[in-house]
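# Examination of the molecular architecture
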Amino acid sequence: MREHILVIDDDDKITSMLRRSLAFEGYSVTTAGNGAEGLKQMMAMEPNLLILDVMMPQMDGWEVCRRVREGGSSVPILMLTAKDEVADRVRGLDLGADDYLVKPFALEELLARVRSLLRRRGDAAAEMKTNRIQYEELTLDLDTREVFRAGHSIELTTKEFELLHLFMLNPKRVLSRDTIMEKIWGYDYSGESNVLEVYIALLRQKLEEKGGKRIIQTVRGAGYVLRGE
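Predicted, not measured: the structure shown is a model, and the values here were computed from it.

Time to look at the environment of isoleucine 8. By the secondary structure assignment, isoleucine 8 is in strand β1 (residues 4-8). Taking relative accessible area as the criterion, isoleucine 8 reaches 0% and is therefore assigned buried. With 193 residues separating them in the primary sequence, isoleucine 8 and alanine 201 have C-alpha atoms 60 Å apart. Setting aside residues up to four positions removed in sequence, isoleucine 8 forms contacts with Ala32, Asn34, Gly35, Gly38, Leu39, Leu50, Ile51, Leu52, Asp53, Met56 and Val64.

Moving on, we get to the UniProt feature "domain: Response regulatory" (unreviewed entry) in the protein chain. According to UniProt, the feature "domain: Response regulatory" (unreviewed entry) maps to residues 4-118 in the numbering used here. Counting secondary structure, residues 4-118 comes out at 48% helix and 21% strand; the distance between its end C-alpha atoms is 10 Å.

Note the cis peptide between lysine 103 and proline 104, where omega equals -10°. Within the fold, proline 104 resides in the loop between β5 (99-102) and α5 (107-129). Phi angles above zero are rare outside glycine, and glutamate 46 is one such case at about 45°. Its place among the elements puts glutamate 46 in the loop between α2 (35-45) and β3 (49-53). Residues other than glycine seldom take positive phi values, yet arginine 145 does so here, at roughly 60°. Position of arginine 145 relative to the elements: it lies in the loop between β7 (138-141) and β8 (146-149).

This next bit is on the packing of helix α6 (residues 158-169) against helix α8 (residues 195-207). Remark: α6 packs on α8, axes separated minimally by 10 Å, with the N-to-C direction vectors making an angle of 85°. Considering their axes alone, α6 and α8 lie roughly perpendicular with respect to each other. Residue-level contacts link Lys159, Glu160, Leu163, Leu164 and Phe167 of α6 to Leu196, Tyr199, Ile200, Leu202, Leu203, Lys206 and Leu207 of α8. Looking at the contact of α6 with α8 residue by residue, the class counts come to nine nonpolar, no polar and three charged.

This paragraph deals with the nonpolar core. One finds Leu164, Phe167 and Ile180 to be the most contacted residues of the largest nonpolar core, which totals 27 residues. Top element by residues in this core is α6. It accounts for six residues. Within the second largest apolar cluster, 19 residues are counted, among which are Leu39, Cys65, Met79 and Tyr100.

What counts, and at which threshold
Residues numbered from 1 in each chain as written. Predicted model: local features only at pLDDT ≥ 70, side-chain atom pairs only at ≥ 80, totals over all residues. Heavy atoms only, no water. Helix = DSSP H or I, 4+ residues; strand = E, 2+ residues; numbered from the N terminus. Buried < 20%, exposed > 50% of the residue type's maximum accessible area, 1.4 Å probe, protein only. Contact = heavy atoms within 4.5 Å. UniProt positions renumbered as here; feature names shortened; annotations may be inferred. Axes fitted to C-alpha atoms, helices over the stretch in contact; angles between N-to-C directions. Parallel < 35°, antiparallel > 145°, perpendicular 65-115°, else oblique. Nonpolar A, V, L, I, M, F, W, Y, C, P; charged D, E, K, R; others polar. Core = buried A, V, L, I, M, F, W, Y, C linked by side-chain atoms within 4.5 Å.

Have a look at this one:
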């Protein structure tokens, strides 16, 4: 699916040029000729990126930016302006704009800024997704520190959670006892020698409490691995 860009600018030559150029680069493009119209389109479609002129009739770009952010949207905003005053740039950024480009601008630079903003948004989305780790019917949420198996909540202690997290980051990979001890308890651990075996048993008990199959397997002489039978 093509990424959608909304361009709000009252200069017909600029909107026409950007529509053609961005479409040539493979983007889907919608344009608006004033701030009020652009804000309506923004709220109706939630594009992947907003290119926003500052000086426009009916509603200027600063007001559009402010309303977009107050509405809760995190869409990347690239502001265009004929002004090169530091105060204007700061105002736009303070209102929630992500980047700033002064007119007249080189098309190549604008396209580079567009790619960068879209890439950053994609990276942020990917990072958010990694806060939930899934393996078969098991889900681990790093933000809430909750664990679910087949929809059932599982209460884990801090060490049990850290141990399961390590396994879920390395599914189907055999982890040696030394590797696990180093990652979870650290080099200088001097407690009971069977602490890992105790925690593995406790973790298995909780994961299998609702009748789930064993997914933390013992590999004799090698360590432990997260995988089905």
